[in-house]
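# Per-entry structural report
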Amino acid sequence: MSTEHNKAIVRRILAEGISGKNLSVFDELLDPAYVNYDLPTPAPGPEGFTQVIAMFHAAFPDLRVTVDESCPPAQGRNGRKVIAPDVADRREWCSGGTV
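To keep things clear, this report deals only with the structure shown in the data block. Since this is a predicted model, take the numbers as computed values, not measurements.

## Focus on unusual backbone geometry
Residues other than glycine seldom take positive phi values, yet Lys21 does so here, at roughly 60°. Structurally, Lys21 is set in the loop between α1 (3-19) and α2 (24-29).

In structure tokens form, the structure reads like this:
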């Protein structure tokens, strides 16, 4: 897969799955052997990721995730993430993982 294809997958996961609360997108887009090294999950693959995101939705019903830019591939990362329940509590990070 190309870098652009991978970016499109990550953007769909963030826009549709997390921000849009369409949890079925994880089953469609994540490999059964998916591992997220930034966010430990209670079960492997899409099922565990879905469980964690459902917990986030319960705790933060207005949660929205955006990608403002992508980290350079040389850093071995797949994007700069921002989580901002409000402007005063903005958090940013680069992360890696396998899709």
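There's more to say after this.
## Side note on the packing of α1 against helix α3 (residues 45-59)
The geometry of α1 relative to α3 is characterised by a closest axis approach of 10 Å and an angle of 55° between their N-to-C directions. Judged by the angle between their axes, α1 and α3 are oblique. Contacts between α1 and α3 involve Ile13, Gly17 and Ile18 from the former and Phe49, Ile53 and His57 from the latter. In terms of residue class, the contact of α1 with α3 is made up of four nonpolar, two polar and no charged.

## A closer look at the nonpolar core
Ranked by internal contacts, the top residues of the largest apolar core, which has 14 residues, are Ile13, Ile18, Phe26, Leu30 and Phe49. Elements with a minimum of two residues in this core: α1, α2 and α3. The element best represented in this core is α1, accounting for five residues. In this structure, Ile13 is in contact with Ile18, Phe26, Leu29, Leu30 and Phe49, ignoring residues within four places of it in sequence.

## Let's talk about the pattern of salt bridges
Counted under the stated rule, the structure contains three salt bridges. With a closest N to O distance of 3.7 Å, Glu4 and Lys7 form a salt bridge. Of this pair, Glu4 and Lys7 are both found in helix α1, three residues apart, which corresponds to roughly one turn of the helix. With relative accessibility at 29%, the residue Lys7 sits in the partly exposed group. We note a salt bridge from Arg12 to Glu28, for which the minimum N-O separation is 3.1 Å. Of this pair, Arg12 sits in helix α1 while Glu28 sits in helix α2, placing them 16 residues apart in sequence. Under the relative-accessibility criterion, Arg12 is labelled partly exposed at 29%.

Cut-offs and rules
- For every chain, the first residue of its written sequence is number 1, and the numbers climb from 1 along that sequence.
- The predicted nature of this model means local features are confined to residues of pLDDT at least 70 and side-chain atom pairs, given and counted, to a pLDDT of 80 or more, with totals for whole chains, interfaces and linings taken over all residues.
- Based on all heavy atoms of the structure, the side-chain values leave hydrogens and waters out of the count.
- The numbering of helices and of strands both runs from the N terminus, where a helix is a DSSP run of H or I of at least 4 residues and a strand a run of E of at least 2.
- For helices, the axis comes from a line fit to the C-alpha atoms of the stretch in contact; other axes are also lines fit to C-alpha atoms, and the angle between any two N-to-C directions lies between 0 and 180 degrees.
- Roughly parallel here means an angle under 35 degrees, roughly antiparallel means over 145, roughly perpendicular means 65 to 115, and every remaining angle is called oblique.
- We call two residues contacting when some pair of their heavy atoms lies within 4.5 Å.
- In this classification, Asp, Glu, Lys and Arg are treated as charged, Ala, Val, Leu, Ile, Met, Phe, Trp, Tyr, Cys and Pro as nonpolar, and every other residue, Gly included, as polar.
- Here, nonpolar core means buried Ala, Val, Leu, Ile, Met, Phe, Trp, Tyr and Cys residues that are tied together by side-chain atoms lying within 4.5 Å of each other.
- To sort residues, take the accessible area from a 1.4 Å probe on protein chains only and compare it with the maximum for the residue type: under 20% means buried, over 50% means exposed, and anything in between is partly exposed.
- The rule for a salt bridge is simple: a side-chain nitrogen of Lys or Arg has to be within 4 Å of a carboxyl oxygen of Asp or Glu.

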